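# An overview of the molecular structure
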Amino acid sequence: MVQAYILIQTDVGRATAVAETVSALDGVIQAEDVTGPYDVIVRAQADTVDELGRMVVARIQRVDGITRTLTCPVVHL
């Protein structure tokens, strides 16, 4: 199982709607509105890194109002 934090920038005023939409997607554990350089932070999981990448590109980045994402995989050192 691979987990990652996905940092999302949105159009102005769209953070809440984006967080609600993304939180309903399969593989998303949590989606929260935040302040700072990013508007929404998502914790997601998938079986493989490739599946995680497909989730971000094919599902999350297609959500209306998202302008940019940054995926940060969780590592266990």
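In this report, the structure presented in the accompanying data block is examined. (Residues numbered from 1 in each chain as written. Predicted model: local features only at pLDDT ≥ 70, side-chain atom pairs only at ≥ 80, totals over all residues. Heavy atoms only, no water.)

### Observations regarding the side chain of T69
The topology assignment puts T69 in strand 4 (residues 66–73). A polar side-chain atom of T69 sits 2.8 Å from a polar atom in the side chain of Q61. (Helix = DSSP H or I, 4+ residues; strand = E, 2+ residues; numbered from the N terminus. Polar contact = N/O pair within 3.5 Å; in protein donor to acceptor, adjacent residues only side chain to side chain.)

### Quick notes on the nonpolar core
Formed by 20 residues in total, the largest nonpolar core has its most connected members in I8, V22 and V42. Of all elements in the fold, only strand 1 (2–10), helix 1 (15–23), strand 2 (28–33), strand 3 (40–46) and helix 2 (49–60) reach the threshold of two or more residues within this core. In this view, V22 contacts V28, V42, I60, V63 and I66; residues no more than four positions away in its chain are not counted. (Core = buried A, V, L, I, M, F, W, Y, C linked by side-chain atoms within 4.5 Å. Buried < 20%, exposed > 50% of the residue type's maximum accessible area, 1.4 Å probe, protein only. Contact = heavy atoms within 4.5 Å.)

### Looking at the pattern of salt bridges
By the definition in use, this model includes one salt bridge. Residues D64 and R14 are paired through a salt bridge, measuring 3.4 Å at the closest nitrogen-oxygen approach. Within this pair, whereas D64 is found in the loop between helix 2 and strand 4, its partner R14 is found in the loop between strand 1 and helix 1, the two being separated by 50 residues in sequence. (Salt bridge = Lys/Arg side-chain N within 4 Å of Asp/Glu carboxyl O.)

### Observations concerning the environment of E20
Residue position: E20 is located in helix 1. Owing to a relative accessible area of 54%, E20 belongs among the exposed residues under this scheme.

### Quick notes on helix 2
Taken as a whole, helix 2 has its buried residues at L52, M55, V56 and I60. Burial along helix 2 is one-sided: seen end-on, the buried residues are contained in an arc of 90°. Exposed side of helix 2, more than 90 degrees from the buried face: D50, R54 and V57 are the residues found there. Each element contacted by the buried residues of helix 2 is listed here: strand 1, helix 1, strand 3 and strand 4. (Arc of directions from axis to C-beta.)

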